[in-house]
Amino acid sequence: RGGLAVLQHFDSLYSVWQGALTTFCLSSVVSHHSKELPAILGGSGLSQADRAAHLNALKMNCYLLTGLVDAFEMETSSSALLEVDPSGKKNRTKISGSLWEEEREPLLRLLTQLLQLDLRQLWGGLVVEEDFVSLVTGSCYRILENPSIGLQKYRATREAVTHLLAAALIHYDHMFSATLKITQMLQHFEHVAPVFAQAVSLWATEHGLKSLVGELLREIGQKHQQDLARDASGVKGYAVFITELAEQIPGLVLSHISVLLHHLDGESYMMRNAILAAMAEVLVQVLNGDKLEEAARGTRDQFLNMLQAHVCDVHSFVRSRVLQLFTRIVQCKALPLTQFQSVVSLAVGRLKDKSVIVVKNAIQVLAAFLSNNPFSCKVILTSMMEMLGVSPAIGPEEEWEAMLPEVRAATQQLFQPLQEGEEEELEVDETVESTLEQITGLLRNVYPKGYISLLFSVQERFELQARGMISSENSEDPPRDKTEEVVLEEQRQTELVKQKMLVQYLQDAYNFSAKITEALSLISKMMYENCVSVVQEAIEFFVTVSKFGVPQALLGVRRMLPLIWSKDPAIKEAVLNAYRQLYLNPSGDSERARAQGLVHSLSLIMVDASLGTIQCLEEIISEFVEKDEIKPAVIQLLWERFTEKSQCSSLERRAAVMLLGMMARRKPEIIGSNLDVLVTVGLSEKLCEDYRLAQEVCNAISRLPALGKNNAPFRLPQNHMLFDCLSETVSKGFGQPSAHWIPFMEAAVTLIYQLAEGAEEICAHILQVCSQQALDKLQEADSRVSDGASSLPTFLLVHLVSLVGQVALQQVAYLEVSVSAELRRRRILREEKTKKSSETTMEEELGLVGASADDAEAELIRSICETELLDGKHLFSAFVPLVLKICNNPGLYNDSVLSAAAALTLGKFCMISSEFCDSHLRLLFTMMEKSSLPAVRSNLIIAAGDLAIRFPNLVEPWASHLYARLRDPCPSVRQTAGLVMTHLILKDMVKVKGQVSEMATLLIDPEEAIVGVAQNFFSELSNKGNAIYNLLPDIISHLSDPNCSIEEESFHTIMRHLFSYITKDRQTESLVEKLCQRFRTARTERQYRDLSYCLTLLPLSDRGLHKLQDNFDCFADKLQDPAVYGYFQTVLARFRRAGGKLETKVRMGGKCPAETPRDFSSPLQTEWLLPFSFFLLFFLAGSRCRPLSTANRDEDFVTPQPRSLRNQKHAKKHPPPKKAIIAFSSDENSSEDELSAELREEETPTKTTPITRSSARRLR
């Protein structure tokens, strides 16, 4: 009977409907029935009984079929949660699920085909029952509830569901039910939002169901804001749906977006983000272009104003989302020029946002603005100022104010009667522009009389000419007719409009350039933030800015260089990518042209670069060389520049040598294969005066490998051409006054000791030759002067002293490093040979032989330094008296350069021998403290730092004088002292004691660089366990001392920075107790306030508040001070905001009277304050303390007894624990002798320690 068979077998099918065979049978039956229905419905002789039979059969078939769909969908959803059996065989439900997925799409197409028939005839021409439509469409919604329906492999299924629902919407008035069902599913199933957005856009565009968009948006808009704030998951579905719908059909969303705008004021940030994203899509796709109507332009401006308003939204996610939307709008060129300035200003303001994600997106917006700015390819502020005639220093008002007195005087003189021969006539130009230039020139050339005369003479003439009343006195042209005048007037108006537009364009460009320049300084400071993403965005921003030729971008490019040493690989890779984009991809048609561009760019960044910048650039270039990103053509071009085969300047030639040395760090063969070229060209006689080039040649040669074959040190023979050229160049330059000879000499001596066999002999020969030159000069001076008062040129003494000091230092380093390593290498080789021929002893098995041998070698080198280098037989001993004489007689040798060189040489001599160091430390520290030359003090601080590492026991008593240099009046000396003390403290070479407070004072230094040194010190110190926690009490004691002369606001700044490193609860609790105990020993009100302020910086927990109440007796009597009282009020308020435990809040009370403002200037209020201290005690301690009644006289106040006396009975059973006595270093009396730079003989320690490695860093 076909489709009517179900009328007889419905019960049987219903009982066994779960199965693939049942589905196949039912689909076949429904398919057969759907094929019969068109003929049946098209005929006119359908009886009432047949119609009822076919209607019932259709209902039964569809009921069974949709029931099977629901059952299989539920089974498929549950099977997705099941895992594979331990045996490895798949579950049976998964097999049936895969079969169902194959049958699902044909079944949906069958139902779609069925609904496309005119089924109303089965209902007698009436409307099809809503239950029947809901029965069919319900299966579609049930299929969409499957979380995996959004996968790409189910695309055909989604399309089938969409077409089925479209048939229901078109033919069976399913609009109202679909609206409710879709909104309901969006609220409960997040994954259906993109599916429904695509379906709704399809229904609206292809099937004309545009009203459904309005119904859905209206239904979402009617949701209560409170409900949306509570239901975060439902809001997410709505938000995704609105956003996706706006991307696909922005025109229809624009027509109905008004019903959603009230949600912009709601609490749900996701709804605000979705609506704002919909606005952005409308702006990009619909309201974009210059040919918009007036209404559309108004709507566009309204949307842009709403977006700009939400840049300052209360929620950081909304602020960041709006910035992302503006990035898209700018990239799509949908932002009108009139809105550029306001949006850029908002983005620059968001650079100071507290949220990291907002700052990141603000940088992206500015980068998008720069990449898509309509002004020009290059945005340079100075050129914009020149085009506009803007002066960055003096404005026109200020310029006029300066000219005004002379103008007034000239005006008064002109109104006086003229004398004979005084009249002066000025020629008047024919045009307004030329006359205006003439007037301005006279005015700015301080000739106000001529300026005013000329102004009077042309005023009437040009007024008439401007009004068109007369043309010119000498004009003989016939009068123009009215038509010609109208045309000229229209041309003038057109030209005026064009000029106004040009001026406005230039003004907008200038404002945009000014904002970008302001953003550069803010973003450059973000490169050292803790957030990696912000640092990456800042680096990428400067890459973008550099491509547009902004001059300030070079500062940011250099500022990112130190980030190459970052421990975070992402930041390091970002820096490498930035320099790869900026320098490794130059434009050019040929390989040669690209190499020239690369070399030129790298040479520019090295001009006037500091030593730190060059070291960072060397690290970057070595990374590129290691990855073979530097082409051979670049290296070839550098050699051509060095050998002058390619024309270049001296700066470019020196940069070429530096770049070759940087590349040789990873590939030493670059230098090793061309060593002879470097020596013959870089150290030749004709170039011996270019000492900076010779210095860079020495630095490049030093890149040769330190080890040769079999781990033997790489050494060149003593008679090598390199050392002959070096000796000759150093000796010839000794007698010439050159500021660059000393750096070259230091590089040459270092290179000799690094590569030469018998380096001490070569340097001794250089010393002898140079000394002989000095003696010859002295003899010449003696022969010229008869009275015997001869003298050497100052530069000769400076050269001689510097040469001796450098040779002495390198000799010590040669013994400590090279000789020691060679002795160890030879000993190991001997031990390996003896091990093969003999059995091992017990000492060898324990490793004692190697340790004793190391000690013996170290003792040998120490004895050489102590007994041989400075004795009478060695060459150095001849120069010691000269150095000491210069240092001891600063009045006689008052040249600043000579004094600095002698001081540095004295420090280098002290590095040789502990005995010599011990005997001259007094002189060294006296010069450090009393010298009037900052260079001398800086050099001696560096020398003292090296001595503290080499002879720590000798320098340790002088540590206070090193700390004293942190208060030096010269900023450069303070910065040097800060760097030296940072290294010594972090290496544990100096005892910190309480003097670390001197480092803390650098946090308020007026110099930004010094503040950075102090911040870096405490940041590194915080990584060493509890170092800052242990030092905080001493720092607070010293800085709060009245004799320290630290202002209260400066104290607060220091403490805010230091307490930011206190993050552990135990540290907080312990510090609370220590600070409370400190109230007992404080002597002044300022100390009370300082200690109270420190308590406000601690994040109090529940246990921390218990510590505070346990020590209430320590500060109870200090609460009468209004400032102290206010600080404790802040402590309690912060605890409440932090959300303490319930029992603690109960102890504190519902509302503490501390929240009530008081006027402490009134005697009555001050009198009330003292009983409040006990009132506060009652709230802190709960019922254990009794509140006192208020009184108005001091005699009525009775201090309560201690808790231990009130509870003597309990105390006998449970004696209270003894409190630890905390001693602060500020309470100890310091000896006045410690402030003196001179120690008595009996106070100077004599104990020495084994020799350690010394630092080679020196201040040039």
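You'll find the protein entered in an unreviewed UniProt entry as Condensin complex subunit 1, with Bubo bubo given as the organism. For the protein, the Sequence similarities (unreviewed entry) comment in UniProt is given as "Belongs to the CND1 (condensin subunit 1) family."

Engineer: Hey, could you run me through the packing of helix α27 (residues 611-626) against helix α29 (residues 650-663) in this one?
Structural biologist: Where α27 meets α29, the axes come as close as 8 Å, and the angle between the chain directions of the two elements is 55 degrees. Between α27 and α29, the interaxial angle falls into the category oblique. Seen along the crossing, α27 lies across α29 with a hand that is right-handed. For the pair formed by α27 and α29, the contact residues are Ile614, Leu617, Glu618, Ile621, Ser622 and Val625 on the first element and Met658, Leu659, Met662 and Met663 on the second. Considered class by class, the residues forming the contact of α27 with α29 number 8 nonpolar, 1 polar and 1 charged.

Engineer: Even after reading the chapter, I still don't get the pattern of salt bridges, so can you show me in this structure?
Structural biologist: Oppositely charged side chains can pair when the atoms bearing their charge come close. Scanning the entire structure with this criterion turns up 38 salt bridges. With its nearest N and O atoms 2.9 Å apart, the salt bridge here joins aspartate 353 to arginine 319. Of this pair, aspartate 353 sits in the loop between α16 (340-349) and α17 (356-371) while arginine 319 sits in helix α15 (residues 316-331), placing them 34 residues apart in sequence. Side by side, aspartate 353 and arginine 319 carry an identical accessibility label, which is buried.

Engineer: How should the nonpolar core be read in this particular structure?
Structural biologist: Where a protein is soluble and globular, its nonpolar side chains tend to be buried together. Ranked by size, the top nonpolar core spans 330 residues in total, and within it Tyr579 and Met1055 carry the most contacts. When neighbours within four sequence positions are excluded, tyrosine 579 is seen to be in contact with Val557, Arg558, Met560, Leu561, Leu584, Ile605, Leu617, Ile620 and Phe624.

Engineer: I tried to follow the packing of aromatic side chains on my own but got confused; where do I start?
Structural biologist: Any pair of aromatic rings gets described here by the distance separating the centres and the angle formed by the planes. Tallying each qualifying case throughout the model produces 18 aromatic pairs. Measuring from ring centre to ring centre gives 6.3 Å for phenylalanine 909 and phenylalanine 916, while their planes differ by 85 degrees; the resulting arrangement is edge-to-face. Judged by its relative accessible area of 0%, phenylalanine 909 falls in the buried class. Judged by relative accessible area, which is 11%, phenylalanine 916 ranks as buried. An aromatic cluster is built from Phe1079, Phe1112, Phe1115 and Phe1128, whose rings are joined through pairwise contacts. Directly above the ring of phenylalanine 642 sits arginine 653, whose terminal nitrogen or CZ lies 5.6 Å from the centroid. Positioned above the aromatic ring of tyrosine 1088 is the side chain of lysine 1118, whose terminal nitrogen or guanidinium carbon lies 5.1 Å from the ring centre.

Engineer: How should I be thinking about the confidence of the model for the protein in this particular structure?
Structural biologist: Interpretation of this model should avoid reading the predicted coordinates in detail wherever pLDDT is low. Summarising the model, the protein shows a mean pLDDT of 76, and 72% of its residues fall at 70 or more. Mean pLDDT values for the elements of the protein range from 37 in helix α56 (residues 1163-1181) up to 93 in helix α45 (residues 971-986). Confidence drops under pLDDT 50 across residues 381-385; counting only partners more than four residues distant or on other chains, this segment forms 11 contacts. pLDDT under 50 marks residues 387-394. Its contacts with residues more than four places away, or in other chains, come to 11 contacts.

Engineer: Got a minute to help me understand helix α39 (residues 880-888) in this structure?
Structural biologist: Turn by turn, an α-helix covers 3.6 residues, leaving residues three or four places apart pointing in a common direction. If you check which residues of α39 are buried, you get Val880, Val883, Leu884, Ile886 and Cys887. Take α39 and look down its axis: the buried residues cluster within an arc of 160 degrees, on one side only.

Engineer: Explain the environment of isoleucine 143 to me, please; I cannot follow it from the model alone.
Structural biologist: Residue position: isoleucine 143 is located in helix α5 (residues 130-144). Relative accessible area serves as the criterion here: at 0%, isoleucine 143 is assigned to the buried category. Counting along the chain gives 69 residues from isoleucine 143 to methionine 74, while the straight-line C-alpha distance between them is 9.0 Å. Excluding its chain neighbours within four sequence positions, the residues that come into contact with isoleucine 143 are Val69, Glu73, Arg104, Leu108, Ile149, Thr157 and Val161.

Engineer: Can you walk me through the side chain of aspartate 313 in this structure?
Structural biologist: Structurally, aspartate 313 is set in the loop between α14 (294-309) and α15. Overall, aspartate 313 belongs to the buried group, its relative accessible area being 9%. Here the side chain of aspartate 313 touches arginine 272 through a polar contact of 2.9 Å, side chain to side chain. Leave out the neighbours within four places in its chain, and aspartate 313 touches Arg272, Val318 and Arg319.

Conventions adopted
- Residues numbered from 1 in each chain as written.
- Predicted model: local features only at pLDDT ≥ 70, side-chain atom pairs only at ≥ 80, totals over all residues.
- Heavy atoms only, no water.
- UniProt positions renumbered as here; feature names shortened; annotations may be inferred.
- Axes fitted to C-alpha atoms, helices over the stretch in contact; angles between N-to-C directions.
- Helix = DSSP H or I, 4+ residues; strand = E, 2+ residues; numbered from the N terminus.
- Parallel < 35°, antiparallel > 145°, perpendicular 65-115°, else oblique.
- Left-handed = near helix turned anticlockwise from the far one by under 90°.
- Contact = heavy atoms within 4.5 Å.
- Nonpolar A, V, L, I, M, F, W, Y, C, P; charged D, E, K, R; others polar.
- Salt bridge = Lys/Arg side-chain N within 4 Å of Asp/Glu carboxyl O.
- Buried < 20%, exposed > 50% of the residue type's maximum accessible area, 1.4 Å probe, protein only.
- Core = buried A, V, L, I, M, F, W, Y, C linked by side-chain atoms within 4.5 Å.
- Phe/Tyr/Trp six-rings, centres within 6.5 Å; stacked < 30°, edge-to-face > 60°.
- Lys NZ or Arg CZ within 6 Å of the ring centre and 35° of its normal.
- pLDDT = per-residue confidence, 0-100.
- Arc of directions from axis to C-beta.
- Polar contact = N/O pair within 3.5 Å; in protein donor to acceptor, adjacent residues only side chain to side chain.

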